[in-house]
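Take a look at the letters that make up each chain.
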Amino acid sequence: MINELVKKIQKLQAPVVVGLDPMLSYVPEQVQKKAFAEYGETLEGAGEAIWQFNKEIVDKTWDLIPAVKPQIAMYEQFGVPGVEAFRKTVEYCKSKGLVVIGDVKRGDIGSTSAAYAAGHLGNVQVGNSRLTAFGEDFATVNPYLGTDGIKPFIDVCKEENKGLFILVKTSNPSSGEFQDRLIDGRPLYEWVGEKVAQWGETHMGESYSYIGAVVGATYPEMGKVLRRVMPKSYILVPGYGAQGGKAADLKPYFNEDGLGAIVNSSRGIIAAYKQEKYAHIGAANFGDASRAAVEDMIADINSIF
Ligand SMILES: O=c1ccn([C@@H]2O[C@H](COP(=O)(O)O)[C@@H](O)[C@H]2O)c(=O)[nH]1
């Protein structure tokens, strides 16, 4: 799947990911009203509203972008109907030819990681049937439990041609509390980055590994170091836009070949209609506002090359 992702980025000249993080407060009133008329103000109504919201955004942007990143927390907050909206979103995005990065941030002891990996990236055996639960192409993974928590994910990735983005240096303000702590004179994120590079060597695509990393746009100096530590790992870069990350700071996340990183924006795209810049497009046409925001983001990121 990493080869497909790289080819799509090259074809579209768009190293960007649209984050599908549908808070109910981002869903325009007309979409909420329709869903609530059918299902009431229930978890089912919320699930329907976020699904219809996502579908419109995907319909208006899929031809511009290589990938989407649904954030599972935004769906899980609505319980089972929310998780069903996540599943439908993954399925729909894949039907549109998009690479789907499940931002699920899983990771546990080996046997539990194996179950997470089967559910999100692989298959499960039910009687005589082999079934797919969610079927994302990539998943985000937390490396805190070490190699035996990561290996089951890599095993499934090898079987299924899937990939991972492992948290290395996250974009949030407190990420340094643990991630920047020095161990034998080097910050923890560097040790984790080195490990990601090693894990990545065991599952290589044509030019990049199936095992990538998450490095926040809000820490460009660290992005520069980590690019060198993990030359063959694709970097998923959250933190652009709403969290303050700027395109001008992102060049060091890319390799000389102009590849190696993919920049995410969630709120900046899906709630674009609420921004002053796109307000003239109107809440009724929220998908068009998202399209305009994607076009602007692609131009912004490409301006650094
Ligand atoms: O370090 C990280 C890891 C993941 N995220 C996720 O990315 C998006 C960012 O949303 P924006 O609206 O573009 O800020 C969200 O799903 C986070 O959970 C991150 O921000 N930083």
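Because the structure is predicted, anything quoted here is derived from the model rather than measured. (Residues numbered from 1 in each chain as written. Predicted model: local features only at pLDDT ≥ 70, side-chain atom pairs only at ≥ 80, totals over all residues.)

**Examining the overall build of the protein**
Alright, step 1. When its secondary structure is counted, the protein shows twelve helices and twelve strands.
Alright, step 2. Expected size for 305 residues packed as a compact globule is a radius of gyration near 19 Å; at 19 Å, the protein falls within 12% of this value.
Alright, step 3. In terms of overall dimensions, the protein has a C-alpha envelope of 60 × 55 × 35 Å along the principal axes.
Alright, step 4. When burial is assessed residue by residue, the protein has 50% of its 305 residues classed as buried.
Alright, step 5. In the protein, once contacts between residues fewer than 6 apart in sequence are set aside, the share between residues at least 24 apart is 72%. (Helix = DSSP H or I, 4+ residues; strand = E, 2+ residues; numbered from the N terminus. Rg over C-alpha atoms; globule rule 2.2 N^0.38 Å. Buried ≥ 20, exposed ≤ 12 C-beta atoms within 10 Å, placed from the backbone. Contact = placed C-beta atoms within 7 Å.)

**Overview of helix α5 (residues 79-95)**
Alright, step 1. The terminal C-alpha atoms of α5, which comprises 17 residues, lie 25 Å apart, in line with the 24 Å expected from a rise of 1.5 Å per residue.
Alright, step 2. Residues Gly82, Ala85, Phe86, Thr89, Val90 and Cys93 constitute the buried set of α5. In an axial view of α5, the angular spread of the buried residues amounts to 135 degrees, which keeps them on one side of the axis. Opposite its buried face, α5 presents the exposed residues Val80 and Ser95, each directed more than 90 degrees away.
Alright, step 3. Residues of α5 that are buried in the fold lie against β1 (16-20), α3 (43-61), β2 (67-70), α4 (73-76) and β3 (99-106).
Alright, step 4. Residue Gly97 follows α5 closely and has a positive phi angle near 85 degrees. (Expected span 1.5 Å × (residues − 1). Arc of directions from axis to C-beta.)

**Looking at the environment of Arg267**
Alright, step 1. Checked against the element boundaries, Arg267 lands in helix α11 (residues 267-270).
Alright, step 2. The class for Arg267 is partly exposed, based on 16 C-beta atoms found within 10 Å.
Alright, step 3. As a C-alpha pair, Arg267 and Ser290 span 23 residues in sequence and 9.8 Å in three-dimensional space.
Alright, step 4. When sequence neighbours within four positions are dropped, the list of residues in contact with Arg267 reads Asp21 and Ala242.

**Section: the site of the ligand**
Alright, step 1. The environment of the ligand is made up of 18 residues, and the closest members are Gln71, Thr170, Pro238, Ser266 and Arg267.
Alright, step 2. Of all the elements in the fold, those that place two or more residues in the shell around the ligand are β12 (261-265) and α11.
Alright, step 3. By residue class, the composition of the shell around the ligand is three nonpolar, twelve polar and three charged. (Near = placed C-beta within 6 Å. Nonpolar A, V, L, I, M, F, W, Y, C, P; charged D, E, K, R; others polar.)

**Some words on helix α1 (residues 2-12)**
Alright, step 1. Taken residue by residue, α1 has Ile2, Leu5, Val6 and Ile9 as its buried positions. Burial along α1 is one-sided: seen end-on, the buried residues are contained in an arc of 95 degrees. Counted as exposed and oriented over 90 degrees from the buried face of α1: Lys7 and Lys11.
Alright, step 2. On its buried face, α1 is in contact with β2, β3, β7 (163-169) and β12.
Alright, step 3. Residue Gln13 follows α1 closely and has a positive phi angle near 50 degrees.

**Quick notes on the packing of helix α6 (residues 110-120) against helix α7 (residues 147-160)**
Alright, step 1. α7 packs onto α6 with a crossing angle of 30 degrees between their chain directions and a minimal axis gap of 8 Å. Taken together, the axes of α6 and α7 are roughly parallel relative to one another. In this structure, the crossing between α6 and α7 has a hand that is right-handed. Contacts between α6 and α7 involve Gly110, Ser113, Ala114, Ala117 and Ala118 from the former and Asp148, Gly149, Lys151, Pro152, Phe153 and Val156 from the latter.
Alright, step 2. Each residue belonging to the contact of α6 with α7 can be placed in one class, and the counts come to six nonpolar, three polar and two charged. (Axes fitted to C-alpha atoms, helices over the stretch in contact; angles between N-to-C directions. Parallel < 35°, antiparallel > 145°, perpendicular 65-115°, else oblique. Left-handed = near helix turned anticlockwise from the far one by under 90°.)

**Overview of the UniProt feature "active site" (unreviewed entry) in the protein**
Alright, step 1. The feature "active site" (unreviewed entry), as annotated in UniProt, sits at Lys105 in this numbering.
Alright, step 2. When near neighbours in sequence (up to four residues on either side) are disregarded, Lys105 contacts Thr140, Asn142 and Leu167. (UniProt positions renumbered as here; feature names shortened; annotations may be inferred.)

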